[in-house]
Amino acid sequence: MTDYFVVFGDLLVALPTYLLNGILTTSYWLGDSGAAFVSLICALLVMRFVDRRIQSRAVFRPGRGGREASISETYTAQIMTVLC
């Protein structure tokens, strides 16, 4: 019965070391992969905010017979704001 208490006491003594090693290993891995994470976040931001507007502007075609497809003024202002 006392063997279980000794093993449990040893675990409690070693637990802070295990937790600190886990935190350090995780932080070292994140630091090593930091550049990849930053570039991934930047790419996601470009895809979310910039690319959608530019793609919709690039595929815009006026209608045939002199009729132009309707485009809202606020949308045009957003495109001009991004491009300027």
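Please refer to the structure placed before this passage.
One structure accompanies this document, and this report is about it. Keep in mind that this is a model prediction, so the values were computed, not measured. (Residues numbered from 1 in each chain as written. Predicted model: local features only at pLDDT ≥ 70, side-chain atom pairs only at ≥ 80, totals over all residues. Heavy atoms only, no water.)

**A short note on the overall build of the protein**
Spelled out, the test is: Helix and strand assignments follow DSSP, with helices taken as H or I runs no shorter than four residues and strands as E runs no shorter than two, numbered in order from the N terminus. The cut-offs for exposure are 20% and 50% of the maximum accessible area for each residue type, with area from a 1.4 Å probe on protein chains only; residues under the lower value are buried, those over the upper are exposed, and the others partly exposed. Areas reported here follow the Shrake-Rupley algorithm with a probe of radius 1.4 Å; residue values treat only the protein chains shown as occluding.
Counting secondary structure elements, the protein contains 3 helices and 0 strands. When its helices and strands are written in sequence order, the protein yields α-α-α. Within the protein, buried positions represent 4% of all 84 residues. Accessible area of the protein: about 7600 Å², with a carbon and sulfur share of 68%.

**Focus on the packing of aromatic side chains**
The condition that has to hold: Ring pairs shown here join Phe, Tyr and Trp side chains whose ring centres sit within 6.5 Å, with only the six-membered ring taken for Trp; geometry is labelled stacked below 30 degrees between planes, edge-to-face above 60, and tilted in between.
Under the criterion given, the structure shown has 1 aromatic pair. Ring plane angle 70° and centroid distance 5.8 Å describe the contact between W29 and F37, whose orientation is recorded as edge-to-face.

**A closer look at helix α1 (residues 2–32)**
Selection rule: Given a helix with a known number of residues, its expected span is that number minus one, times 1.5 Å. Two axes enter the definition of the bend at a residue: one is fitted to the seven residues ending there, the other to the seven starting there, and the bend is the angle between them.
In this model, α1 (31 residues) spans 45 Å end to end at C-alpha, consistent with the 45 Å of a helix rising 1.5 Å per residue. Along α1, the sharpest change in direction is near 40° and occurs at A14; proline P16 comes one to four residues later.

Function-wise, these values are silent; they only describe arrangement.
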